[in-house]
Structure formats: structure tokens, C-alpha cells
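The lines below spell out each chain.
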There are 2 protein chains.
Amino acid sequence: MDFSILGYIATFFSATSFLPQAVKTVRTKDVQSLSLITYIFLLSASVSWFSYGVYLGDIPLMATNTLTSTFQIIILFMMFKEKAK
Amino acid sequence: MDFSILGYIATFFSATSFLPQAVKTVRTKDVQSLSLITYIFLLSASVSWFSYGVYLGDIPLMATNTLTSTFQIIILFMMFKEKAK
């Protein structure tokens, strides 16, 4: 078995993991149990990984973190929008 | 500036990001707005990254994903416990 496939599996789950949360949050407008600090940290991580990807010239790292950042920005936008009501 | 510091910043935020969510979820017992699929995918990603770290002999990758897995397991445990009520 070629164990480098683990990196691809990990990348797939990392890239797509926040899509269901973004869909759920946009649909239900329910942000009550979400941690704001967690999403600020997650977006900070994604932006740092993306920048590190640019520095390394690593396309998969940039692509993955473009996806995660997008979903996290949607979730954070909903948190600010729904909490402000 | 040594841009490799971006990797350390990203690792710090990745490793600690789910701690505030775990604390909030354990304290409030409120899991209503959390996406189950997101947490199953996140744990799958962490376990895959950890295994890839073992394959590469990469200690920081193993350490980071031990932390994220732990917090994600706590959050998933709370989700099953509180939804089952």
C-alpha cells in the first residue's frame, strides 16, 4: 500500500469539512452553539496556511485553504449577522 | 523576514482552534447549531493527518492532530450525548 494516499484523504476531508456547517448555518440562521473564537482561529489558520503555501509555491496547500477560508468566512459572516439582531 | 514563521503561526492556530468550541460545548451542552457531518469530516481529517505524520515520521504533524482529534472527539461525544436525550 502506498501510504502517501493518506495525505490525499486528509486533504479531501480538510478541504470539504466546513461545507456542511456553512450550508447548515446559512439555512437555519442558528449560530447559538458556535464558538466565535474557534472560527476566528480557524480562519487565522487557513489564511496562514494559504500564505505559507504561496511562500512554498505549494498549489494544493493554497487550493485547500482557499476552500476552507471561503466556508469559514461564510460562517463568520452569519455569526456576526445573526448575533447583531 | 523569514516566511517559514507562517507555518508555525498556522500550526498554532490549527492546534488550538477547537479548544474554545470544546469548552463552550461542554459548558453549555448546546449542540443545536453544530453540523455533525462537519465534525465527522474534521475528525477523519485529523486521524488521516496523524497517520500521514506517522508514515512521514513528522512529529509536529502528529502532535497537532493529536490535539485537534482530542477536542473534536469531545465535541462529537457531546453531540451524541445531547442529541440522544
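Being a predicted model, the structure only gives us computed values, none of them experimental. (Residues numbered from 1 in each chain as written. Chains lettered and ligands numbered in written order. Predicted model: local features only at pLDDT ≥ 70, side-chain atom pairs only at ≥ 80, totals over all residues. Heavy atoms only, no water.)

Undergrad: Honestly, the interface of chain A and chain B in this entry has me stumped. Any pointers?
TA: The figure often quoted for interface size is the accessible area lost as the parts come together. Counting residues at the interface gives 35 residues for chain A and 35 residues for chain B. Of the roughly 3000 Å² buried between chain A and chain B, counting both surfaces, carbon and sulfur atoms make up 67%. If you sort the residues of chain A by the area they bury against chain B, Phe 13, Ser 33 and Phe 41 of chain A come out on top, with a joint share of 19%. If you look at where chain A meets chain B, you find zero salt bridges. When contributions to the side of chain A that touches chain B are tallied by element, the ones reaching two or more residues are helix 1 (5–16), helix 2 (18–28) and helix 3 (36–56) of chain A. Broken down by element, the residue count for the side of chain A that touches chain B peaks at 11 residues, all from helix 3 of chain A. Tallied by class, the residues present in the side of chain A that touches chain B amount to 17 nonpolar, 14 polar and four charged. (Contact = heavy atoms within 4.5 Å. Buried area = accessible area lost by both parts, 1.4 Å probe. Salt bridge = Lys/Arg side-chain N within 4 Å of Asp/Glu carboxyl O. Helix = DSSP H or I, 4+ residues; strand = E, 2+ residues; numbered from the N terminus. Nonpolar A, V, L, I, M, F, W, Y, C, P; charged D, E, K, R; others polar.)

Undergrad: What should I look at first to understand a nonpolar patch on the surface in this one?
TA: Together, Met 1, Phe 3, Ile 5, Tyr 8 and Ile 9 of chain A together with Tyr 55 and Leu 56 of chain B line one region of the surface with nonpolar side chains, adding up to about 780 Å² of accessible area. When residues of the nonpolar patch are traced back to their parent elements, those giving at least two are helix 1 of chain A together with helix 3 (36–56) of chain B. Here the nonpolar patch takes three residues from helix 1 of chain A, the largest share from any one element. On the secondary structure map, Leu 56 of chain B appears in helix 3. Residue Leu 56 of chain B is classed as partly exposed on the basis of its relative accessible area of 46%. (Patch = residues over 30% accessible without salt bridge, like charges linked within 9 Å, V, L, I, M, F, W, Y side chains within 5 Å. Areas by Shrake-Rupley, 256 points an atom, 1.4 Å probe, with all protein chains shown as cover. Buried < 20%, exposed > 50% of the residue type's maximum accessible area, 1.4 Å probe, protein only.)

Undergrad: Looking at this model, I keep getting lost on the relation of the copies chain A and chain B. Mind explaining?
TA: Both copies of the chain are placed relative to one another by a rotation about an axis and a shift along it. Once chain A has been moved 0.0 Å along the axis and rotated by 180°, it coincides with chain B to within an RMSD of 0.0 Å. When the rotation and shift are considered jointly, the pair of chain copies conforms to a two-fold rotation axis. Proximity to the rotation axis, assessed at the C-alpha, singles out Ser 33 of chain A in chain A; its C-alpha lies 2.7 Å from the axis. Taken together, the interface assignments show that 100% of the residues at the interface of chain A recur at the interface of chain B, consistent with an identical surface on both copies. (Least-squares fit on C-alpha atoms with pLDDT ≥ 70 in both.)

Undergrad: Is there a simple way to think about the packing of helix 2 (residues 18–28) of chain B against helix 4 (residues 59–83) of chain B in this case?
TA: Packed helices, taken two at a time, are described by their axes: the angle between them and the distance between them. All names here are of chain B. Between helix 2 and helix 4, the shortest axis-to-axis distance is 9 Å and the interhelical angle comes to 25°. On the basis of their axis angle, the class for helix 2 and helix 4 is roughly parallel. In the packing of helix 2 onto helix 4, the handedness of the crossing is left-handed. The residues of helix 4 that touch helix 2, namely those facing Phe 18, Leu 19, Gln 21, Ala 22, Thr 25 and Val 26, are Phe 71, Gln 72, Ile 74, Ile 75 and Met 78. Here the contact of helix 2 with helix 4 is built from residues that sort into eight nonpolar, three polar and no charged. (Axes fitted to C-alpha atoms, helices over the stretch in contact; angles between N-to-C directions. Parallel < 35°, antiparallel > 145°, perpendicular 65-115°, else oblique. Left-handed = near helix turned anticlockwise from the far one by under 90°.)

Undergrad: In this structure, what is going on with the pattern of salt bridges? I would like to understand it.
TA: Once the charged atoms of two side chains with opposite charge are near each other, the side chains can pair. Residues and elements named next belong to chain A. One pass over the structure, following the stated rule, counts two salt bridges over all chains. A salt bridge links Lys 81 to Glu 82; the nearest nitrogen and oxygen atoms lie 3.5 Å apart. On the accessibility criterion, Lys 81 (39% relative accessible area) is partly exposed. Given the relative accessible area of 14%, Glu 82 is considered buried.

Undergrad: Would you mind showing me how to read helix 4 (residues 59–83) of chain A here?
TA: Each full turn of the α-helix corresponds to 3.6 residues, which orients residues three or four apart in the same direction. All names here are of chain A. With 25 residues, helix 4 extends 36 Å between its outermost C-alpha atoms, agreeing within 8% with the 36 Å of an ideal straight helix rising 1.5 Å per residue. Every buried residue of helix 4 is accounted for by Met 62, Thr 64, Asn 65, Thr 68, Ser 69, Phe 71, Gln 72, Ile 75, Leu 76, Met 78, Met 79 and Glu 82. One side-chain oxygen of the residue at the start of helix 4 lies 3.0 Å from the amide nitrogen of Leu 61, identifying that residue as Asp 58. (Expected span 1.5 Å × (residues − 1). Polar contact = N/O pair within 3.5 Å; in protein donor to acceptor, adjacent residues only side chain to side chain.)

Undergrad: Which parts of the structure should I look at to understand helix 3 of chain A?
TA: Here helix 3 of chain A is 21 residues long and its end C-alpha atoms lie 30 Å apart, about the 30 Å a rise of 1.5 Å per residue gives. Regarding helix 3 of chain A, the residues found buried are Thr 38, Tyr 39, Leu 42, Leu 43, Ala 45, Ser 46, Ser 48, Tyr 52 and Gly 53 of chain A. If you follow the buried residues of helix 3 of chain A, they end up packed against helix 2 and helix 4 of chain A together with helix 1 (5–16) and helix 2 of chain B. Between the side-chain oxygen at the start of helix 3 of chain A and the backbone nitrogen of Thr 38 of chain A there is a gap of 3.1 Å, and the oxygen is on Ser 35 of chain A. Once helix 3 of chain A ends, the next one or two residues include Gly 57 of chain A, with phi positive near 70°.

Don't take any of this as a statement about function, it's just geometry.
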